[in-house]
Amino acid sequence: MTAWMVLAFAAAMAAREPAALSVGTATAAPGRRVFGAIEVPAGVDAATRIDVAVIRGTKPGPVLALVSGAHGTEYASIVAVSKLVSAIDPAALSGTVVLVPLVNVASFEQKVPHVNPVDGKSMNRFYPGRMEGTQTERASFLLTREVVEKCDHLIDLHGGDLDEDLRPYSYWTKTGNAAQDAVSREMVLAFGLDHVIVSTDRPKDPQASRYLENTATTRGKPSITVEAGHAGTVEPDDVAALVDGCLSVMRYLKMLPGAPTRVEHPVWIDSVKTVASGETGLFYPTVRRGTYVAEGMTVGYVTDFVGRRIFEARAPASGVVLYVCAVPSMKKGDTVANVGTIAASPP
Ligand SMILES: [Zn+2]
C-alpha cells in the first residue's frame, strides 16, 4: 500500500468507528465496559460524585443514556440500571450505552425521598443546571454536559418513591416535531409498559428544560421517562419490567440484534389529576395502585391523631390510580393520589 492508500484506509475506518466517548472520567474504547465518575466540585455547598459506566460496542450505532436515582429511594429503578451494566455485552452491542444508576447519592445514603437533602431540591426539576448554584444545580449542569449532550437518546428511569404506591407507566413527550415524536413514540411502545402518559405541557426552552428527559427532548434527542416500583420495594416484576424495557428499546434502535417486544395497544393517558389532602393527620387509602375509579369515588380518608375522620379524598376524575400515598403520614396540601384520565383515542 502506498502512504496515500494507508491514509485513505485510516480515514475510512475513522468514519466507520465512532470517536472515543468520554463521560466524566470514563473513556470507552471499542468492545469495552469502563467505569468512572462525574465529579461535581464543591461550590456554595458540598461536592458529590456520580458513578458512571460506559459500554461501547464493536460496531457503530447510537449513544443511549440510561439514568436513574434522581430520587435516591426509588430503588427498583436504581437496581435495574445497576444490573444493566453487567447485562449488556459489549461484543453484541452496536453503539454505546452510558449508564448512571444513582444521581442523588445523599438521598440514597440518608433514605430521604423526593429531594437532595444537601439543598432540599428535587434532582429532576433544575435542568439544565448551573455551576454557580447549589449541589443539585451543579450536578444537573454536569449531567447535561456529560450525558445529555453526548447521547442521541435518553431514558430517565424512576419508580414510586418511599411514600408512593405506584403502578408502572411511561411518559411520552409530544413536542410537535413529527419526526422526533415518531421515534420517541416507538421507544415508549418498545419499552413495553402498558400505560403511557402523554405529556404536552413540558417547557419548550432548552435553557429552562427543568426535567432530565425534557433536557434531551428539547435538544432534539428522542427520549422517554419510565416508572416502575413502589414504596421502597425492589419487586422482581418491577426490576424485570425496567431491565427488559431498556433492552427492548435497544433492539428497536438496532443496538442489539433481534426484534423489540412492543406493546401494541397501551392505555394512553391524556391528563393527570392530583387530589391533595385538606387536612393533616393519618391517611388510610381505600384504593390500590392501578385501581380504576369513577369521579367522586372515595380513594382514601384522613383522621386526626385521635382517630376522628376529618377528610374524605375523592377521585377528581374518572380514570386509573397512577399512585396513591403509601404511608399514614399526611400533611395538609400533600398529594393523596394521582388519577390518570384515559384518552378517547390513541395520540
Ligand atoms: Zn422519581
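The model shown is predicted, which means the values in this text are computed figures rather than measured ones.

1. Here's the deal with the packing of aromatic side chains
All chains considered together, the criterion is met by 4 aromatic pairs. For the pair Tyr-75 and Phe-108, a centre-to-centre distance of 6.0 Å together with 75° between the ring planes defines the contact as edge-to-face. Note that Tyr-75 is positioned in helix H2 (residues 75-87) and Phe-108 in helix H3 (residues 105-110), a separation of 33 residues in sequence. Their ring planes at 80° and their centres at 5.6 Å tell us that Tyr-169 and Tyr-171 sit as a pair that is edge-to-face. Judged by its relative accessible area of 3%, Tyr-169 falls in the buried class. When its relative accessible area of 16% is taken as the criterion, Tyr-171 is described as buried. The ring of Tyr-301 has Arg-309 sitting right over it, with the charged end atom 3.7 Å from the ring centre.

2. Quick look at the pattern of salt bridges
As enumerated under the stated definition, the model contains 14 salt bridges in all. Residue Arg-262 is joined to Glu-186 by a salt bridge in which the shortest nitrogen-to-oxygen separation is 2.9 Å. With Arg-262 in the loop between helix H7 (236-252) and strand E12 (267-276) and Glu-186 in helix H5 (residues 178-191), the pair connects residues that are 76 residues apart, well separated along the chain. Under the relative-accessibility criterion, Arg-262 is labelled partly exposed at 33%. Note on Glu-186: relative accessible area 22%, which makes it partly exposed. Three or more residues joined by partner-sharing salt bridges are found here, namely Glu-39, Arg-49 and Asp-51.

3. Describing the nonpolar core
Of all hydrophobic cores here, the largest spans 40 residues; its most connected members are Leu-66, Ile-88, Leu-99, Ile-155, Phe-191 and Met-250. If you look at the next biggest cluster of nonpolar residues, it comprises 28 residues, including Val-34, Ile-38, Val-147 and Val-148.

4. Thoughts on the packing of H2 against H7
Running from amino to carboxyl end, H2 crosses H7 at an angle of 45°, the nearest separation of the two axes being 9 Å. As summarised for this structure, H2 and H7 are arranged oblique, according to the angle between their axes. When you trace H2 past H7, the crossing you get is right-handed. Only Asp-238, Val-239, Leu-242, Val-243, Cys-246 and Leu-247 of H7 make contact with H2, whose side of the interface consists of Ala-76, Ser-77, Val-79, Ala-80, Lys-83 and Leu-84. When its residues are assigned to classes, the contact of H2 with H7 shows 9 nonpolar, 1 polar and 2 charged.

5. Focus on the coordination of the zinc ion
Binding of the zinc ion to the protein goes through His-71 (ND1), Glu-74 (OE), Glu-74 (OE) and His-158 (ND1), at separations of 2.0 to 2.4 Å. Each of the 4 donor atoms around the zinc ion contributes to a set of angles spanning 57 to 150°, which defines the coordination as irregular. Ordering the donors of the zinc ion by residue number gives the pattern H-x2-E-x83-H. Judged by relative accessible area, which is 9%, His-71 ranks as buried. For Glu-74, a relative accessible area of 5% puts it in the buried group.

6. So, the domain arrangement of the protein chain
In terms of domain boundaries, the protein chain breaks down into domain 1 (12-252) and domain 2 (273-342). Contact residues are listed per partner, giving 12 residues for domain 1 and 11 residues for domain 2. Together, the buried faces of domain 1 and domain 2 total about 940 Å²; carbon and sulfur atoms form 61% of this surface. The three residues of domain 1 that bury the most area against domain 2 are Asp-163, Asp-165 and Arg-167, which together make up 49% of that side's buried surface. On inspection of domain 1 and its partner domain 2, the count reaches 1 salt bridge. Counting every contact that joins domain 1 to domain 2 gives 6 residue pairs in polar contact (both at pLDDT 80 or more). When contributions to the side of domain 1 that touches domain 2 are tallied by element, the ones reaching two or more residues are strand E8 (164-166) and strand E10 (195-199). Per-element accounting of the side of domain 1 that touches domain 2 gives the leading share, 3 residues, to E8.

The rules we used
Residues numbered from 1 in each chain as written. Predicted model: local features only at pLDDT ≥ 70, side-chain atom pairs only at ≥ 80, totals over all residues. Heavy atoms only, no water. Phe/Tyr/Trp six-rings, centres within 6.5 Å; stacked < 30°, edge-to-face > 60°. Helix = DSSP H or I, 4+ residues; strand = E, 2+ residues; numbered from the N terminus. Buried < 20%, exposed > 50% of the residue type's maximum accessible area, 1.4 Å probe, protein only. Lys NZ or Arg CZ within 6 Å of the ring centre and 35° of its normal. Salt bridge = Lys/Arg side-chain N within 4 Å of Asp/Glu carboxyl O. Core = buried A, V, L, I, M, F, W, Y, C linked by side-chain atoms within 4.5 Å. Axes fitted to C-alpha atoms, helices over the stretch in contact; angles between N-to-C directions. Parallel < 35°, antiparallel > 145°, perpendicular 65-115°, else oblique. Left-handed = near helix turned anticlockwise from the far one by under 90°. Contact = heavy atoms within 4.5 Å. Nonpolar A, V, L, I, M, F, W, Y, C, P; charged D, E, K, R; others polar. Donors = N, O, S within 2.8 Å, 3.2 Å for Na, K, Ca; no water. Tetrahedral: all angles 85-135°; square planar, octahedral: opposite > 155°, others 65-115°. Domains from an automatic or database assignment. Buried area = accessible area lost by both parts, 1.4 Å probe. Polar contact = N/O pair within 3.5 Å; in protein donor to acceptor, adjacent residues only side chain to side chain.

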